[in-house]
Amino acid sequence: AGHHYSNFIDGTTSDQYLARMLKTHFLGDSAYVRLMFKHGSGTHHSTHELLIWCHHGVGSGVSMASPILKLERLPASWAGDIFLMGHQSKLVAVPVDRLCPQWSKGGGSGRLVHETVLLVGTGGFLKGYAAGRTRGRVPTGSYVEQGMMRPVALGGPLITITPRRAAKADGQHWSPDLRVSL
């Protein structure tokens, strides 16, 4: 019911069933997804990765920014370029810049490179309030209505990843452009 999964008699869940219907892998409560980008060909190529940290999420989020409040501490403890959290059904996103040192190959001076990390609440599609809703013949509200939760915008974020290389003193460095649309 609501944004929680259901258990089936055979031991599987509605989340696993949905993954099968979408012909994808069920990843559990949290997972890393690694995207690999290859530049060039043959022996003159380089491979770079973009790391996405995903979590089902947790509740107790009354404010509109609550998914961001849960996510903002994670980049200090977990590797990742994009941090995704569901469960709260709030569609919010914040880009956060961090600085990373890059050193010259010859052991000379280094420089600071700006990297953008995305913190994203993945939204949802559960319409919280609808007049005349019943379960069988009994008038009853949804999980959202029963919990007196605020209605939220329906939908999910669109994250655009544009691989790019940026010039630096001794060559190129990997610097993907990350954008999110709500």
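See the structure printed just above.
Basis of the calculations
- Residues numbered from 1 in each chain as written.
- Predicted model: local features only at pLDDT ≥ 70, side-chain atom pairs only at ≥ 80, totals over all residues.
- Heavy atoms only, no water.
- Helix = DSSP H or I, 4+ residues; strand = E, 2+ residues; numbered from the N terminus.
- Contact = heavy atoms within 4.5 Å.
- Pairing = 2+ DSSP bridges.
- Axes fitted to C-alpha atoms, helices over the stretch in contact; angles between N-to-C directions.
- 1 Å grid on protein atoms, 1.4 Å probe; cavity = no way out; pocket = protein on both sides within 12 Å on 5 of 7 lines; lining within 4 Å.
- Points joined across faces, edges and corners; volume = space filled by probe spheres on them.
- Nonpolar A, V, L, I, M, F, W, Y, C, P; charged D, E, K, R; others polar.
- Core = buried A, V, L, I, M, F, W, Y, C linked by side-chain atoms within 4.5 Å.
- Buried < 20%, exposed > 50% of the residue type's maximum accessible area, 1.4 Å probe, protein only.
- Phe/Tyr/Trp six-rings, centres within 6.5 Å; stacked < 30°, edge-to-face > 60°.

## Notes on the side chain of Asp177
Within the element layout of this structure, Asp177 appears in strand β11 (residues 177–181). The contact partners of Asp177, leaving out residues within four places of it in the chain, are Thr160, Ile161, Thr162 and Arg164.

## A look at the sheet that holds strand β1 (residues 30–41)
One open sheet accounts for five strands, arranged β1-β2-β3-β5-β4; its pairing is mixed. Each of the sheet's edge strands pairs with one partner strand only, and the pair in question is β1 and β4 (91–103). Here the strands of the sheet are splayed against their neighbours by 20 degrees on average, with no regard to which way each runs. Sheet analysis places β4 next to strand β5 (residues 110–122), joined by 13 bridges and oriented antiparallel.

## Considerations on the layout of surface pockets
Here the largest pocket is characterised by a volume of approximately 1,200 Å³. Around the largest pocket, the lining is made up of 32 residues, and of these Asp15, Leu18, His56, Gly86 and Thr122 lie nearest the centre. Elements represented by at least two residues in the lining of the largest pocket include exactly α1 (14–21), β1 and β2 (44–55). Per element, the largest residue contribution to the lining of the largest pocket is five residues, and it comes from α1. Its residues assigned to classes, the lining of the largest pocket comprises 13 nonpolar, 17 polar and two charged.

## Considering the environment of Pro139
Tracing the backbone through its elements, the reader meets Pro139 in strand β7 (residues 138–139). Among all residues touching Pro139, those that are not within four sequence positions of it are Arg133 and Thr134.

## A look at the nonpolar core
Counting nine residues, the largest nonpolar core consists of Trp53, Ile68, Leu71, Leu74, Phe83, Met85, Val92, Val117 and Leu119. Among the secondary structure elements, those contributing two or more residues to this core are α2 (66–71), β3 (82–85) and β5. Here Leu119 is in contact with Ile68, Leu71, Glu72, Pro75, Phe83, Val92, Ala93, Val94 and Val96, once residues within four sequence places are set aside. In terms of nonpolar packing, the next biggest core, distinct from the first, is built from eight residues, Cys54, Leu84, Leu118 and Val120 among them.

## Some thoughts on the packing of aromatic side chains
Summed over all chains, the structure comprises four aromatic pairs. An angle of 90 degrees between the planes, with centres 6.2 Å apart, marks the rings of Phe8 and Tyr17 as edge-to-face. Residue classification places Phe8 among the partly exposed residues on the basis of a relative accessible area of 36%. Tyr17 sits in the partly exposed class, given a relative accessible area of 41%. The interplanar angle of 45 degrees and the centroid separation of 5.9 Å between the aromatic rings of Trp53 and Phe83 together place this pair among those described as tilted. With Trp53 in strand β2 and Phe83 in strand β3, this residue pair connects regions lying 30 residues apart in the sequence. Here the two residues Trp53 and Phe83 agree in accessibility, since each one is buried. Following the ring pairs from residue to residue traces out a cluster consisting of Tyr32, Trp53, Trp78 and Phe83.

These figures come from the coordinates and say nothing about function on their own.
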